[in-house]
Amino acid sequence: MCDGDNHNHGDRPRYSLKAFFSNWNSYDAGFFEKLRLALKNNWIKLRTMEGCCGNGGQPGCWAEWNPSLEEVKLNVDTYDLSGTSPRVSRLNNGYYELFSSLCLNEDIDKVFEFFADAHNLNLITPSWLHFQITSSTQIEMSVGATIEYSLRLHGVPVRWTSEIPVWDPPSKFVDKQIRGPYSEWWHEHIFSRLDDSHTIVNDRVLYKVPFGRILHPLFVKKDLLKIFNFRCQALKEIFNSQN
């Protein structure tokens, strides 16, 4: 969502050529689909004589895009309850950012309770990863807690250990890789109460990949988008199908 009056950068969004190219490069689609969206969104701006196309983050958008809870609240009647598809952006110094957002039909406390049980990761992780929690002791989620698990990436067995450096129920927690395939991995889980029966769940991952210039476009980006698309769909089936 991109709204000239309700944006996350003060009273007005920041428009720039850099943002235009960032939205183009980070959008997960083929060239001709990106071109179609860019033409459509610029035609919307011409037709409406507005500075914003209303489709933040898509090709053709010139705004730095970062949806916020206030933006969602102010646009509650038009907010797409299917959420925002996972998208990846390239940052400076070899870092990448993945962002996704969805609305779940449940109170924030119950949604956070689901995430507070590490074993529920099995329910929102695709089977082709062969994901298993291997921690030898019972996991009690809090600052300093660690979670050990194993998985397979393209047939290669991987061991991963995460630490919880931030634990702030029911608003936020962070998991940080301390052992695993990434050079760095910082995953923010942010929960925002829309109302008593709807919760916005935002995932923001900052990560760095060994040989990122080669491996990221070949494997990593595609894998992460598949994993987080599965995660979003699984969460919607768990929470939204029962309401």
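For the structure itself, look to the data block above.
1. Notes on helix α4 (residues 108-116)
Residues lying three or four places apart along an α-helix face the same way, a consequence of the helix completing one turn every 3.6 residues.
Next, step 1: Every buried residue belonging to α4 is among I108, V111, F112, F114 and F115, and all of these are buried. Down the axis of α4, the sector holding all buried residues measures 150°, keeping them to one side. The outward face of α4, more than 90 degrees from its buried face, is lined by the exposed residues K110 and E113.
Next, step 2: Close packing links the buried residues of α4 with β2 (95-104), β5 (156-168), β6 (172-179), β7 (184-195), β8 (198-208) and α5 (212-239).
Next, step 3: A side-chain oxygen of the first residue of α4 lies 3.0 Å from the backbone nitrogen of D109; this N-cap is D107.

2. Notes on the packing of aromatic side chains
Next, step 1: Tallying each qualifying case throughout the model produces 17 aromatic pairs.
Next, step 2: Ring centres 4.8 Å apart and planes at 50° place the aromatic pair Y182 and W185 in the tilted group. The exposure classification of Y182 matches that of W185, with both residues buried.
Next, step 3: An aromatic cluster is defined as three or more aromatic residues linked by ring pairs; in this entry it consists of Y96, F131, Y149, W160, Y182, W185 and Y207.

3. Some points on the pattern of salt bridges
Next, step 1: Here the structure, examined in full by the defined rule, presents 5 salt bridges.
Next, step 2: The partner of E97 in a salt bridge is R204, with the nearest N and O atoms 2.6 Å apart. In this pair, E97 is assigned in strand β2 and R204 in strand β8, connecting sequence segments 107 residues apart.
Next, step 3: Given the relative accessible area of 27%, R204 is considered partly exposed.
Next, step 4: A salt bridge links D107 to R193; the nearest nitrogen and oxygen atoms lie 2.8 Å apart.

4. Focus on unusual backbone geometry
Next, step 1: Cis geometry is adopted by the peptide bond preceding P170, which originates at P169 and carries an omega value of -5°.
Next, step 2: With respect to the secondary-structure elements, P170 resides in the loop between β5 and β6.
Next, step 3: In this model, H154 sits at a positive phi of 55°, which is unusual for a non-glycine residue.
Next, step 4: Looking at the element boundaries, H154 is found in the loop between β4 (146-153) and β5.
Next, step 5: Residue class for H154 comes out exposed when judged on its relative accessible area of 56%.

5. Brief notes about the sheet that holds β4
Next, step 1: The antiparallel open sheet is built from 8 strands, whose spatial order is β1-β2-β8-β7-β6-β5-β4-β3. Among the strands making up the open sheet, the edge pair consists of β1 (84-90) and β3 (132-133).
Next, step 2: Of the strand pairs in this sheet, β3 and β4 are connected by 2 bridges, and their pairing is antiparallel. Each bridged residue has a counterpart across the sheet, and for I133 the counterpart in β4 is Y149.
Next, step 3: Against the sheet, α4 makes contact with β2, β5, β6, β7 and β8, and its axis sits at roughly 155° relative to β7, the strand it touches most.
Next, step 4: The sheet contacts of α5 involve β1, β2, β7 and β8, and relative to β2 the element is tilted by about 15°.

6. Regarding the side chain of T125
Next, step 1: Position of T125 relative to the elements: it lies in the loop between α4 and β3.
Next, step 2: One polar contact links the side chain of T125 to the main-chain carbonyl oxygen of L121, over a distance of 2.6 Å.
Next, step 3: Apart from residues no more than four positions distant in its own chain, T125 is found in contact with F131 and F230.

7. Overview of the nonpolar core
Next, step 1: Core analysis: the biggest nonpolar cluster contains 42 residues, and F115, M141, Y182, F191, Y207, L224 and L235 have the highest contact counts within it.
Next, step 2: At the level of elements, β2, α4, β4, β5, β7, β8 and α5 are the ones that each hand at least two residues to this core.
Next, step 3: Here the element with the most residues in this core is α5; it accounts for 9 residues.
Next, step 4: Setting aside chain neighbours within four positions, we find Y207 in contact with V88, G94, Y95, Y96, E97, L98, Y182, E184, W185, H216, V220 and L224.

Rules used in this analysis
Residues numbered from 1 in each chain as written. Predicted model: local features only at pLDDT ≥ 70, side-chain atom pairs only at ≥ 80, totals over all residues. Heavy atoms only, no water. Buried < 20%, exposed > 50% of the residue type's maximum accessible area, 1.4 Å probe, protein only. Helix = DSSP H or I, 4+ residues; strand = E, 2+ residues; numbered from the N terminus. Arc of directions from axis to C-beta. Contact = heavy atoms within 4.5 Å. Polar contact = N/O pair within 3.5 Å; in protein donor to acceptor, adjacent residues only side chain to side chain. Phe/Tyr/Trp six-rings, centres within 6.5 Å; stacked < 30°, edge-to-face > 60°. Salt bridge = Lys/Arg side-chain N within 4 Å of Asp/Glu carboxyl O. Pairing = 2+ DSSP bridges. Axes fitted to C-alpha atoms, helices over the stretch in contact; angles between N-to-C directions. Core = buried A, V, L, I, M, F, W, Y, C linked by side-chain atoms within 4.5 Å.

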